[in-house]
Amino acid sequence: EIYFDLKKKINQGWTISSSIDEKIVKQIEKEFYATEYGINNNRDFKLIPKAEIKSKIGRSPDMLDAICLGASLDMETIEKLSKINVPQQYNYPNRK
């Protein structure tokens, strides 16, 4: 579902920042174009299995996954996450 949300945002003019290295943009494009979909018996859109995407591009589409997850967040969620106080360093108990 989040893949389709991203596709909708792209169709509405959402773009990847121009500050991202062109090599990274090309990798994301490769992942995006390798991700195909069809319609299942319930007439729902369904992505091809990730294993098939991996076989097409030779790796997991991790960058596209991350972008889809980020794009699926609404501004309220982003604001809440930005206010979380994450310690710079965490000492794990009983860890050597």
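Peer 1: Explanation requested: unusual backbone geometry in the structure shown.
Peer 2: A positive phi is found at Arg43, a non-glycine position, where the angle reads about 65 degrees. Looking at where Arg43 falls in the secondary structure, it is placed in the loop between β1 (37-39) and β2 (45-47). On the accessibility criterion, Arg43 (73% relative accessible area) is exposed.

Peer 1: Help me out: how do you make sense of the side chain of Ser60 in this one?
Peer 2: Topologically, Ser60 is positioned in the loop between α3 (50-57) and α4 (62-72). A polar side-chain atom of Ser60 sits 2.8 Å from a polar atom in the side chain of Asp62. Residues in contact with Ser60, not counting those within four places in the same chain, are Glu31, Lys50 and Lys54.

Peer 1: Can you help me understand the confidence of the model for the chain in this one?
Peer 2: Detailed reading of the predicted coordinates is not advisable wherever pLDDT is low. For the chain, the mean per-residue pLDDT works out to 81, and 86% of the residues sit at or above 70. α3 holds the highest mean pLDDT among the elements of the chain, 93, whereas helix α5 (residues 75-82) holds the lowest, 70.

Peer 1: It is not clear to me how the packing of aromatic side chains should be interpreted in this structure. Could you clarify?
Peer 2: For any two aromatic rings, the description comes down to two numbers: the centre-to-centre distance and the angle of the planes. Counted by the stated rule, this structure contains six aromatic pairs. For the pair Phe4 and Phe45, a centre-to-centre distance of 5.6 Å together with 40 degrees between the ring planes defines the contact as tilted. Of this pair, Phe4 sits in helix α1 (residues 2-11) while Phe45 sits in strand β2, placing them 41 residues apart in sequence. Of the residues examined, Phe4 reaches a relative accessible area of 22% and is grouped as partly exposed. Geometrically, the ring pair formed by Phe32 and Tyr33 is edge-to-face, given 6.0 Å between the ring centres and 75 degrees between the ring planes.

The rules behind these values
- Residues numbered from 1 in each chain as written.
- Predicted model: local features only at pLDDT ≥ 70, side-chain atom pairs only at ≥ 80, totals over all residues.
- Heavy atoms only, no water.
- Helix = DSSP H or I, 4+ residues; strand = E, 2+ residues; numbered from the N terminus.
- Buried < 20%, exposed > 50% of the residue type's maximum accessible area, 1.4 Å probe, protein only.
- Polar contact = N/O pair within 3.5 Å; in protein donor to acceptor, adjacent residues only side chain to side chain.
- Contact = heavy atoms within 4.5 Å.
- pLDDT = per-residue confidence, 0-100.
- Phe/Tyr/Trp six-rings, centres within 6.5 Å; stacked < 30°, edge-to-face > 60°.

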